[in-house]
Amino acid sequence: MDIISQLQEQVNTIAAIAFNTFGTLQRDAPPVRLSTNYPEPPSSAAPNTAVAPSPATAAATAAATNATTTASTNPTTEEVPNTNNISETPKILSAELVKAAKQFDALVAALPLSEGGEEAQLSRIAELQAENDLVGQELQKQLEAAENELKQVQALFNEAADNCLNLKKPD
């Protein structure tokens, strides 16, 4: 695989790791009270209450109480090790992101440097175009020669076929 393809692959890897990191952080973040002005959600075990908690409230309560269980049963990617400590997950994910970024930097460093500046590159491009034109002319000559040979072979084949048909006596 050439270096440009490796760079493209590494960019895709970095994007996937970043996407999974943000998703994991959102998934595992504990619920936070935005303001003290909002009332507490009703608890599901409140006596004398016939109203069941909403699915969102139940999910928030379950996320708060079972955060370690959620992290261990729903790993985001195969690269993320199964951990029971939610505080370690961001460190692991950020380490993966840094590792991928360093690999990208190493690939960029491996790119060949341009030699001689812009003028040298332009002269090299002109040389390559001239070479390409010569090769194209040679290929065109060979194509014309092959077409002429094909016409000759077809003419000889038609002549041979006509001679065979003329030798046959009509029934």
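So, a few notes on the structure that sits alongside this text. All values derive from a computational prediction rather than experimental measurement. Here the residue numbers are simple positions, counted from 1 along each chain's written sequence. This being a predicted model, a pLDDT of at least 70 is required before a residue's local features are given, and a value of 80 or more before pairs of side-chain atoms are given or counted; all residues contribute to the totals for chains, interfaces and linings. Water and hydrogen atoms play no part in the side-chain values, which are based on all heavy atoms of the structure.

The next point concerns the overall build of the chain. Helix and strand definitions here come from DSSP, where helices need a minimum of 4 consecutive H or I residues and strands a minimum of 2 consecutive E residues; each element is numbered from the N-terminal end. When you go through the chain residue by residue, the secondary structure sums to 5 helices and 0 strands. Scanning the chain from its N terminus toward the C terminus, one meets helices and strands in the order α-α-α-α-α. Note on classification: 1.4 Å probe, protein chains only; a residue is buried when its accessible area is under 20% of the maximum for its type, exposed when over 50%, partly exposed between these limits. When the 171 residues of the chain are sorted by exposure, 11% land in the buried category. Contact definition: two residues touch when any of their heavy atoms are within 4.5 Å. For the chain, restricting intrachain contacts to residue pairs at least 6 apart in sequence, the fraction spanning at least 24 positions comes to 65%. Where accessible areas are quoted, they stem from the Shrake-Rupley method and a 1.4 Å probe; at the residue level, only the protein chains shown are allowed to cover. By element, 59% of the accessible surface of the chain is carried by carbon and sulfur atoms, the whole surface being about 13800 Å².

When a carboxyl oxygen of Asp or Glu lies within 4 Å of a side-chain nitrogen of Lys or Arg, that pair is called a salt bridge. On inspection of all chains with the given rule, the structure shows 3 salt bridges. The residue R27 makes a salt bridge to D28 at a minimum N-O spacing of 2.8 Å. A salt bridge links E88 to K91, with the nearest nitrogen and oxygen atoms 3.7 Å apart. Relative accessible area serves as the criterion here: at 31%, E88 is assigned to the partly exposed category. A relative accessible area of 53% places K91 in the exposed class.

A helix is expected to span 1.5 Å for every residue after the first. Here helix 4 (residues 89-109) spans 30 Å end to end across 21 residues, near enough to the 30 Å set by a 1.5 Å rise per residue. On its buried face, helix 4 is in contact with helix 1 (3-28).

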